[in-house]
Structures are given as C-alpha cells and as structure tokens.
Amino acid sequence: LWTQVLERLQSRLSRPAFETWITTAKVEQLTEKYLVICAANPFILNHLQKNYLQIIADVVEEILGYPIDIQLTAAQGENIAIIGETEMSAYHPSTSLGDNPKPIKLNPKYTFSRFVVGPNNRLAHAATLAVAESPGREFNPLFLCGGVGLGKTHLMQAIAHYRLEMYPDSKVFYVSTEQFTNDLIAAIRQDSLQSFREHYRTADILLVDDIQFIEGKEYTQEEFFHTFNTLHEAGKQVVIASDRPPKQIPTLQDRLISRFSMGLIADIQVPDLETRMAILQKKAEYENMRLPREVIEYIATHYTSNIRELEGALIRAITYIAISGLSMTVENLAPVLNPPLERGEVSPEVILNIIAETFHVSVEDLKSNSRRREISLARQIGMYLMRQHTELSLPRIGEEFGGKDHTTVMYSYDKINQLQKKDLELSQTLSQLSDRILLASRTQK
Ligand code: ADP
Ligand code: MG
C-alpha cells in the first residue's frame, strides 16, 4: 500500500516537497482500520501534520476505497504532544457529519502558562484570567481586540482550557464567527434551528472569535443578538474577539455595538522587542531547543508586528537546522529568515498585474463587468488576495476592480476561501500567487 501511496503522492507534489517531507517517512503500522506513519524527526512530523496529512489521507482513501484513521508519530516518540503547530495529532474521517453544531476543537497549546505577558497585552491577559476564574462576574462581555496574530485566540482558548480543567463538565463553547454562521445556515436548512439555539444558549461560557466577519451578515447578527441576550441575562459569560473595536466593524448593528461595549473592551498591541524575545525563548523551551541569543535577537528584531509570523520564523529556523544539519547561526539561517513584508506594503496594482498575467486576461477584463467564467474566477481570486495582502477596506477593493460593490468583494472572498479548503489545487495556486505577489512587492520597494 505504502508504495502505491508514494507513487500517487509523487505525481501530485513538487519534487523538493516530496523528497523532504514524504520519502523520509516510514510506515510503522498498518491495519484495516488505521495507518501509523513515522516521521524522521519531530520537526518533519510537525510539517507533515500541518500540510500533508489531508492529502495522504485522501490518497489512501482513493486506493483502499474507504477512509481509515491516519496517525503520525516521530522517530524519537517523545514529545509529539507539544511539538507541532496543529491542534490535531491524528486525522479522523468524519463519521458524524450530521452533527450540528459541530464540537469544538481547542489548540492544546493555547494555555495561560504558555502565554507571555508584556506591556502590550497586560490588560487583556488580566481580564481573561479574571473571566476564567469567575465567569459572568466582572467583565461581561469581555471584548478583546487587536491586530492579526497578536494572541486573541490564544487568550480565549486559555479561558476554555482553564475552566475545563477545573470543571470538566462545564459548558465552555469556543466558536469562530464563521462556524457560528455555518452552523446557523445548516440549522436553517435542516430545519433544526431549535437545537442550534439550545446548543448555543445553554453555554456557561461562550467564546466567539473573529466577530469582524459578522460584517454584512444580517441574519447572523440577528441570531447572535438573541443568543447574546439570553446568555447575558442568565449571567453567563460571553467573550468576543475582533481585529478591531466594535464601532469600526462596518454594518454592525447599533444594538450589537452597544451590547459589545457594555463590559470591558481590552485591546492588545504589538509587543515590544523584549516581549518578542521572551515569546521566542518560551516557545523554544517548549520545543526543547536551545537557541543562541543572536538568533533570538535577529528573529525578534525582524518580525515585529505579528506573533504568528514570529513563531513561524522560529519553526522554519528549527526545521531548517534539523534537516540541513548546519549549526544555528544567523548566517546559516539566512535562506529561511528573510524578513516578511508588512501588510500594506503590497500595492493593488501588483496584485492586478499578477492575476491578469497568470490567468491570461487583461487588467481591464478584471475591472470590467464581464461574467465570462475565466474572467470572473480570476476576478474573485484577485479580490481574495487583495483582501489578504492589503489593508484596503471591502469598498476600496471593490473600487480597484472597477467599482464593484463591497458585498461582491465579500462574496468573492468567502467563496474562494471556502473553495480553497476543499480544493488542493486551488490552495496551491493561491499560495504560489501569494509568493509571487510578495516577491514582486519586495523587489519593487
Ligand atoms: P490572533 O487570534 O490575535 O490572530 P493568535 O491567538 O492566533 O492570534 O496568536 C498567534 C500565535 O502567536 C499563536 O501561536 C499564539 O500562541 C502566539 N502568541 C500570541 N501572543 C502570545 C504571547 N503573548 N505569548 C505566547 N504566544 C503568543
Ligand atoms: Mg485568532
């Protein structure tokens, strides 16, 4: 079976990817129900888990004709629980698709003990800890806001871990706004609104992430308003996270703005150098790595505004060292530690040009109202990427595309976002396009 799997993977992945990540893995156990794959080391394990588990599972299913559980371990079996960026350590084919709403998944690493407190997040940390200790009392709702990758999701899930550890039976629900919306749509379709409501309205603590995505979703706003009220009146805790304050979320109903502002709004700022270094230090400790100070300092000085990217740089460094066998110095790490571009440094023209070139259409086509399939797909992908790589608002992105409505932009973004989760080819195209956009912007500077 494994040989067949390898053959198929080889034809679907790029050669370096295949050689680095796949050929180094061995089959440890294979039964009718599951396959255990052993990665050469924990870093490869981490990467496999994050990027290739799904495609391996798909290929195995294709060959066998039915899905089986796939598990990954690393050669030095210890520590796999804490190494690895994903929340899942195994891929389980979903046998319970009818489940509505779906159970929550927490990232085991998002705990208070792994959170580094600095001047930038002191208030948010104190408030979430207070909420975890006595929910529904002081700060209700608690509204966390701050830019991408600054620890909002981490703090929210820390509340959940804390409560569930102390009171395993308590009903702590963590949900993204996207999930809430999808659950709601599914409930309406399946005529099970009642059980949707029962589910969300019986929470002891409801943690709703990325509420900014409720923008433009009238019906979700309506439903969430009632969920919120029911919980709040019953003294149950609600915590909301957003990348901006309630007032700056376009189309957010006034009554929601006023509800969200009833409790505490705690914002998280970009961490200073010292905090960034402390975060790297702590992360490295958990990965059982000792890093030279110069490397920590280098990474911390070059990755300043997003902790996810800061951590990403660290993981790339560790992986690269593990694979190349080089020693951990700033010079050796140069190939993997090019400082990233900040959002906002990418111009819309660069995106339009690259999209036009890739899809063999003209920039005028992209700005036109043509509904020809190739053009409208290219346009939607362009809108998606513009939203990802620039700080332009939805209406501004619409203008870049010849004056389209912001709802069109939102629709395109959602559509591509949904598609790329299922369509491996599309998601690879998107990441190649992203690379090209970033590269072009870097050289343009
Ligand atoms: P957000 O939800 O604000 O976009 P996340 O909570 O997903 O950001 O954080 C991004 C990454 O940075 C996560 O891996 C998280 O563990 C890490 N992180 C953020 N802030 C801290 C911190 N203060 N200490 C340790 N890790 C942090
Ligand atoms: Mg988040």
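About the thresholds
- Residues numbered from 1 in each chain as written.
- Chains lettered and ligands numbered in written order.
- Predicted model: local features only at pLDDT ≥ 70, side-chain atom pairs only at ≥ 80, totals over all residues.
- Heavy atoms only, no water.
- Helix = DSSP H or I, 4+ residues; strand = E, 2+ residues; numbered from the N terminus.
- Buried < 20%, exposed > 50% of the residue type's maximum accessible area, 1.4 Å probe, protein only.
- Contact = heavy atoms within 4.5 Å.
- Areas by Shrake-Rupley, 256 points an atom, 1.4 Å probe, with all protein chains shown as cover.
- Salt bridge = Lys/Arg side-chain N within 4 Å of Asp/Glu carboxyl O.
- Near = heavy atom within 4 Å.
- Polar contact = N/O pair within 3.5 Å; in protein donor to acceptor, adjacent residues only side chain to side chain.
- Pairing = 2+ DSSP bridges.
- Axes fitted to C-alpha atoms, helices over the stretch in contact; angles between N-to-C directions.
- Core = buried A, V, L, I, M, F, W, Y, C linked by side-chain atoms within 4.5 Å.
- Expected span 1.5 Å × (residues − 1).
- Arc of directions from axis to C-beta.

(A) Geometry of the overall build of the chain. A tally of regular secondary structure across the chain gives 20 helices and nine strands. Within the chain, the proportion of its 445 residues that are buried is 46%. Put simply, of all contacts in the chain between residues at least 6 apart along the chain, 72% involve residues at least 24 apart. Summed over all atoms, the accessible surface of the chain reaches about 21,900 Å², with 50% contributed by carbon and sulfur.

(B) Layout of the pattern of salt bridges. Under the definition given, this model contains 12 salt bridges. Across the pair R255 and E222 runs a salt bridge, and its minimum N-O distance is 3.0 Å. On the criterion of sequence distance, the pair formed by R255 in helix α10 (residues 254–260) and E222 in helix α9 (residues 218–233) is long-range, its members being 33 residues apart. You can call R255 partly exposed: its relative accessible area is 30%. E222 sits in the partly exposed class, given a relative accessible area of 32%.

(C) Seen up close, the site of ligand 1. Ligand 1 sits among 17 residues. The nearest are G149, T153, H154, R308 and E311. N121 places a side-chain nitrogen or oxygen 3.3 Å from a nitrogen atom of ligand 1. If ligand 1 stood free it would expose 560 Å²; the protein chains cover 93% of that surface. Listed by contribution, the elements that provide at least two residues to the shell around ligand 1 are α6 (152–166) and α13 (307–324).

(D) Expanded view of the pairing of strand β1 (residues 26–30). Here β1 pairs with strand β2 (residues 34–39) via four bridges, running antiparallel. Within β2, the position partnered with V27 by the bridge is I37. Remark: three residues form the turn of the hairpin made by β1 and β2, two consecutive strands paired antiparallel.

(E) Expanded view of the sheet that holds strand β7 (residues 205–209). Pairing is parallel across the open sheet formed by five strands, whose spatial order is β6-β7-β8-β5-β9. Of all the strands in the sheet, just β6 (172–176) and β9 (264–268) have a single pairing partner and so form its edges. Direction aside, neighbouring strands of the sheet carry axes that sit 15° apart on average. With four bridges joining them, β7 and strand β8 (residues 237–242) adopt parallel strand pairing. Bridge pairing links L206 to V238 in β8. Most of the contacts of α6 go to β7, to which it runs at about 160°, and overall it touches β5 (142–146), β6, β7, β8 and β9. Those strands touched by α9 are β7 and β8, and its axis lies near 150° from that of β7.

(F) Highlighting the nonpolar core. Counting residues in hydrophobic clusters, the biggest one holds 47 residues, and the most contacted among them are L142, L144, I159, L207, V239, I299 and L333. The element contributing the most residues to this core is α13, with seven residues. Membership of the second largest hydrophobic core comes to 28 residues, among which are M383, L385, M386 and V409.

(G) Highlighting helix α7 (residues 177–189). In a regular helix each residue adds 1.5 Å, so 13 residues correspond to 18 Å; α7 covers 18 Å between its end C-alpha atoms and thus fits that length. Of the residues making up α7, those classed as buried are T177, F180, T181, D183, L184 and A187. Buried residues of α7 fall within an arc of 165° about the axis and therefore sit on the same side. Buried residues along α7 sit against β6, α8 (193–201), β7 and α9. Downstream of α7 by one or two residues, D191 has phi in the positive range, about 60°.

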